[in-house]
Structure formats: structure tokens, C-alpha cells
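Observations on chain architecture
The residues making up each chain are set out below.
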Amino acid sequence: MLRFFNGRILRFENGPHITEDEVHISGDTIVYVGPATAEDKNRFDREIDLHGNLLMPGFKNAHTHTPMTFLRSLADDLPLDRWLREAIWPNEAKLDDEAVYLFTKLGILEYLSSGITASFDMYSHSEAYVAANIDSGFRTVLCSGMNDFDADPTDIERDYLHYNQCSDRISYQLGIHAEYTTGIERLKYMVSLAEKYKAPCWTHLSETKAEVEGCIQRYGMTPPLFLDSIGFFNYGGGGFHCCHMTKDDIDMFADKHLWAVTNPASNLKLASGIAPVARMMKRGVRFAIGTDGASSNNALDMFREMFLTTGLQNVLEDNPNACPAAEVLEMACVNGARCMGLENCDDLAVGKKADLIVIDLNRPNMRPLNSIPNNLVFSGSKENVKITMVNGRVLYEDGRFHIDDDPAELYHKAETFMKERIRR
Ligand SMILES: [Zn+2]
């Protein structure tokens, strides 16, 4: 049993609010949130004095490609189509299971230091990817990225069944890479799987103008409306990016209660566009936030994504309150969990999983405490992450990683791989 005391607690039920309660954790679960009790202290294996700092639900990275850490800062000046064809796909072909395992672990270290407690990840080499997550104690939801280049799309059904029962920290959702990389036959196969398992479906969606124009040429409809017309969204799910959404696209998303995941840094870097987050939220669309892969971002840092999410909307809407900090914080912590099917990791409450972070408020960028939610979104940074706990285990504390690997060894292996296999 573990006890957090003498601090502040941020909870989201009925809107973000802060109390001075303490929190007890048994195994992987939060078992008590409330005032300090006079009970026997001996029942705790560890007591963490928060010294006035903030305990809150962890950030959920709702769209990423974790193993792409190997491509960080390797091709930073290309538009999306050339970037994929010239820099990403040829280098990804050189990855083997061992490399995916290594670069997934590198990504997990970055998540932990950024207060991220779960990822929604689309990548290949699932077995190595999952092993890296299991071995690190991290939580992830895989999303299939079906496209025309996969050898055998029926693997997805096998993976869907396998990874949804292999560990309580691993789950799997259905998805395609994108409409423009997936022909109609395979799309129909994906819809049949969604139908069979009554499962949500995900995709990169309306990320660039060119993608939308191509889909209109092929099918006479925008990507969201075309995919909806073939039944892709019959059981929910949603889209990553959603930069170029028409009014009809937005109406369909709202009416079908689909999720949109915004990736502002990636969209800025690849000059893809700015998602109309505030406009879509006004129509009732729910948003979560993702970093996308380290190849297009290049940081796996939710503080930067949160700031960009609000800042870009303010510019887009010509309104400094278009997307308030409290709502952005809710997207990053609560909505992220719910969109990827982790409803038991969405908040700090009794019975929920202990996926929590401690934010250091005793740093200059957090003072004065005029508004803690605003400080988190507008002036917060990774330097404020003191503790990251996943499933009741402290995996990161005061700059040290509590996983089996020595980070220096992982960095060394990463450099060796790049030198021998990619940059030669
Ligand atoms: Zn992506």
C-alpha cells in the first residue's frame, strides 16, 4: 500500500478542481481519496510526502508511432507525401524486431519524463513493440495501421484477438493507416472486422489538403464522409489529425459521437494545416491530444502539444479564449484515456487505475499559483514532472527511470544502430 500526502490533488469529475486530500494506492488501484486519517501508518509500504506539489492523472498520448524515435531529426524539411515515400518508408524497411524493441523503449523513457502514462500507437512489428511496453511497465493501446503494403491483412484479426487478452496493460483497436494508402477491397475487409467485433475504427484523417482532394477524385467524397459511407465508423472510433474538415465532416463526427485526436506540433512541422478544434468542439466533437511520431514532431512532449492546441485555436478563431487551458488539460488526461478505451485510467478516483503523475510546483515556472491548470498548460514543462506512475508502479522519479534498462546503454545501442544500419 502506498500513500501520497501533504499535497494538492487535481481531479476532473465535474470539471477540473483541486483539493488537499491524500491518495492511497493498493496494487494497481486507487483505493482512497480523502482527508488525512489517523489510521496506523504501518500499513503503508511507502509514504510519499508531496511537499505541497500536485498529484494528478497522467497525460495520455492519443496518437503516436513510438518506434519512430529512430527517425528523429533525420528528414525535417519535406512535405508529408515526399517525407513518407523518400524518408520514412525506405528506412522503416530496415527495422527488425530488435530495433523496434530498442526504439520503443527510447520512446517510453521520453513518455515517462513527460508525464505520459499511456500511448495509442500505430506501428508494425507488434510483438517487439508489445514486449518493450510489457518489460518497461508501460501501458499502451495498439492500433492496427492496415494499408496496401501489408503482406497479409488477416493478421489484424489474429492480433486483435491476441493483444486484447495478453496483459492488463495492453489492448488493441482496429484502424487503417489512411484512406489514401488503403484500397477499397482492404477497406471493406476492415469494415467487416469492425462489424464482426462491433469495434471502433481509427485512421489518419484529412491530415492534408492533398489527401482530401485525392479522396474526392477517387470517390466523390471527403475522406470522413467516404469512410462513413462504407460503414467504417458504425461502431465509433475516429480520426487522427483532422486538419481539413468541412462542415459536413464535422456534423457527421458530432452526430456519430466520433473522437478527433489533434497533433498540432506534427501538423505545423509538416505544414499540413491547423485542425479546427474550437469549431468542432462547439459542434460537440470530443478531442484528445497526441504527439504523433518523433519523426514528424520531433518531441514526445505533451506540455508542448497542450500549449499549441490552445494557442493555435486562439489565432485561428481570433479569440484568446477559443480553447481554454482547463479544457485542453481535460483532453490530455481524461479524453485521451476514454478515446482509446482506457475508461479506468481517466481520472484520479477510487477504483481507477493508479496512472498518476506528480507535478513539481516548487519551480519558478509554476509560481505564483494563480491558476494551476493555466500554469500547467501555458508555462508547464517536462522539468515539472517529478514522478510518473503507471499501474501503481513508480517508473520515473526525480529524473531517474525505474525500469530494468540503463538509459545510457539504450542511447548507445540506438547510436550504434543508426550508424551501422541507417546513416551509412
Ligand atoms: Zn500518425
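Each chain carries its own residue numbering, running from 1 in the direction its sequence is written. The predicted origin of the model limits local features to residues at a pLDDT of at least 70 and limits the giving and counting of side-chain atom pairs to 80 or more, whereas totals for whole chains, interfaces and linings rest on all residues.

Before going further, it helps to examine the overall build of the protein chain. What counts as a helix is a DSSP run of H or I of at least four residues, what counts as a strand is a run of E of at least two, and both are numbered from the N terminus. If you tally the helices and strands in the protein chain, you get 14 helices and 19 strands. For 424 residues, the compact-globule formula gives about 22 Å, and the C-alpha radius of gyration of the protein chain, at 21 Å, lands near that figure. For the protein chain, the spread of C-alpha atoms along the principal axes amounts to about 70 × 50 × 40 Å. Each residue gets a C-beta atom placed from its backbone, and two residues are in contact if those atoms lie within 7 Å. If you take every contact in the protein chain between residues at least 6 apart in sequence, the share linking residues at least 24 apart comes to 75%. Only C-alpha atoms enter the radius of gyration, while the globule expectation follows 2.2 Å times N to the 0.38, with N the number of residues.

Moving on, we get to the pairing of strand S1 (residues 2-5). Pairing between strands is defined by DSSP: at least two bridges between them are needed. Note: S1 against strand S6 (residues 46-49), 4 bridges, orientation parallel. In the strand pairing of S6, Arg 3 is matched with Glu 47. Across 3 bridges, S1 lies against strand S4 (residues 22-26) in antiparallel orientation. Residue pairing across strands places Phe 4 opposite Val 23, the latter belonging to S4.

Read across the open sheet, the 8 strands follow the order S8-S9-S10-S11-S12-S13-S14-S15; overall the sheet is parallel. Two strands close off the open sheet at either side, each with one partner strand: strand S8 (59-64) and strand S15 (286-289). If you compare each strand with its neighbour and ignore which way they point, the axes differ by 25 degrees on average. Note: strand S12 (residues 201-205) against strand S13 (residues 237-241), 5 bridges, orientation parallel. Its bridge partner lying in S13, Thr 203 is registered against Gly 239. Angles run from 0 to 180 degrees between N-to-C directions of axes, and those axes are lines fitted to C-alpha atoms, restricted for helices to the stretch in contact.

Attention shifts here to the packing of helix H2 (residues 97-113) against helix H3 (residues 126-136). Packing of H2 against H3 brings their axes to within 8 Å, and their N-to-C directions diverge by 40 degrees. As far as their axial angle goes, H3 and H2 are oblique. Classified by chirality, the crossing of H3 by H2 is right-handed. Across the interface between the two elements, Asp 97, Val 100, Tyr 101, Thr 104, Lys 105 and Ile 108 from H2 touch Glu 127, Ala 128, Tyr 129, Ala 131, Ala 132, Asn 133 and Ser 136 from H3. In this classification, the charged set is Asp, Glu, Lys and Arg, the nonpolar set is Ala, Val, Leu, Ile, Met, Phe, Trp, Tyr, Cys and Pro, and all remaining amino acids, among them Gly, are polar. The class makeup of the residues in the contact of H2 with H3 is 7 nonpolar, 3 polar and 3 charged. Each angle gets one of four labels, with under 35 degrees taken as roughly parallel, over 145 as roughly antiparallel, 65 to 115 as roughly perpendicular, and the rest as oblique. Left-handed is the label given to a crossing in which the near helix is rotated counterclockwise from the far helix by less than a right angle, and right-handed is the label when the rotation is clockwise.

Let's shift gears to the environment of Asp 155. You can see Asp 155 is positioned in helix H4 (residues 155-163). To sort residues by exposure, count the other C-beta atoms lying within 10 Å of each residue's C-beta; 20 or more gives buried, 12 or fewer gives exposed, and values between give partly exposed, all with C-beta atoms placed from the backbone. Note on Asp 155: 15 C-beta atoms within 10 Å, which makes it partly exposed.

Here the focus is helix H8 (residues 247-255). By the burial criterion, the buried members of H8 are Asp 249, Ile 250, Met 252 and Phe 253. Around the axis of H8, the buried residues are gathered within 160 degrees of arc, so they sit on the same side. Away from its buried face by more than 90 degrees, H8 exposes Lys 247 and Asp 255. Backbone geometry just after H8 places His 257 at a positive phi near 55 degrees. To be clear, the arc concerns the directions from the helix axis to the C-beta atoms.

Moving on to the sheet that holds strand S5 (residues 29-34). Pairing in this open sheet of 4 strands is mixed, and the strands run S5-S4-S1-S6 from one edge to the other. The outermost strands of the open sheet, each flanked by one partner alone, are S5 and S6. Sheet twist, expressed as the average angle between the axes of neighbouring strands with direction ignored, equals 15 degrees. In terms of strand pairing, S4 meets S5 through 5 bridges, oriented antiparallel. Considered in S5, the bridge of Ser 26 is made with Thr 29.

So, about the pairing of S4. Counting buried residues in S4 gives 4 out of 5 residues, a clear majority hidden from the surface. Hairpin geometry of S4 and S5 is characterised by an intervening segment of 2 residues between the two adjacent antiparallel strands and by a positive phi of about 65 degrees at Gly 27.

A separate point is the nonpolar core. Judged by nonpolar contacts, the single largest core of 120 residues is most densely connected at Leu 55, Met 56, Met 306 and Ala 332. Of the residues forming this core, the biggest block, 10 residues, is contributed by H2. With residues up to four places along the chain from it excluded, the contact list for Leu 55 reads Phe 4, Gly 7, Ile 9, Val 23, Leu 50, Leu 348, Leu 356 and Val 358. What we call a nonpolar core is a set of buried Ala, Val, Leu, Ile, Met, Phe, Trp, Tyr and Cys residues whose membership is set by joining through C-beta atoms within 7 Å.

Under the 1.5 Å per step criterion, the end-to-end length of helix H1 (residues 80-92) is only 16 Å for 13 residues, more than 12% shorter than the ideal 18 Å. Along H1, the residues that are buried comprise Leu 80, Leu 84, Ile 88 and Glu 92. Each helix should span, by expectation, one fewer than its residue count multiplied by 1.5 Å.

Turning next to the packing of helix H12 (residues 325-339) against helix H13 (residues 372-379). H13 packs onto H12 with a crossing angle of 75 degrees between their chain directions and a minimal axis gap of 8 Å. Accordingly, the angle class assigned to the pair H12 and H13 is roughly perpendicular. Along the contact surface, H12 presents Ala 325, Ala 326, Val 328 and Leu 329, while H13 presents Pro 373, Asn 374, Leu 376, Val 377 and Phe 378. Considering only residue class, the contact of H12 with H13 consists of 8 nonpolar, 1 polar and no charged.

A few words on unusual backbone geometry. Note that the residue after Asn 297, namely Asn 298, is joined by a cis bond; omega there is 0 degrees. When you line up the elements, Asn 298 lands in the loop between S15 and helix H11 (302-317). In this chain, Arg 367 is followed by Pro 368 through a cis amide linkage whose omega measures -5 degrees. Mapped onto the elements of the fold, Pro 368 is located in the loop between strand S16 (356-359) and H13. Although it is not a glycine, Ala 271 adopts a positive phi angle of roughly 55 degrees. Relative to the helices and strands, Ala 271 is located in the loop between helix H9 (264-269) and helix H10 (277-282). On the neighbour-count criterion, Ala 271 (10 C-beta atoms within 10 Å) is exposed. Phi is positive for Asp 398, which is not a glycine, with a value near 50 degrees. Mapping Asp 398 onto the fold places it in the loop between strand S18 (393-397) and strand S19 (400-401). In this structure Asp 398 comes out as exposed when scored by C-beta crowding, with 9 C-beta atoms within 10 Å.

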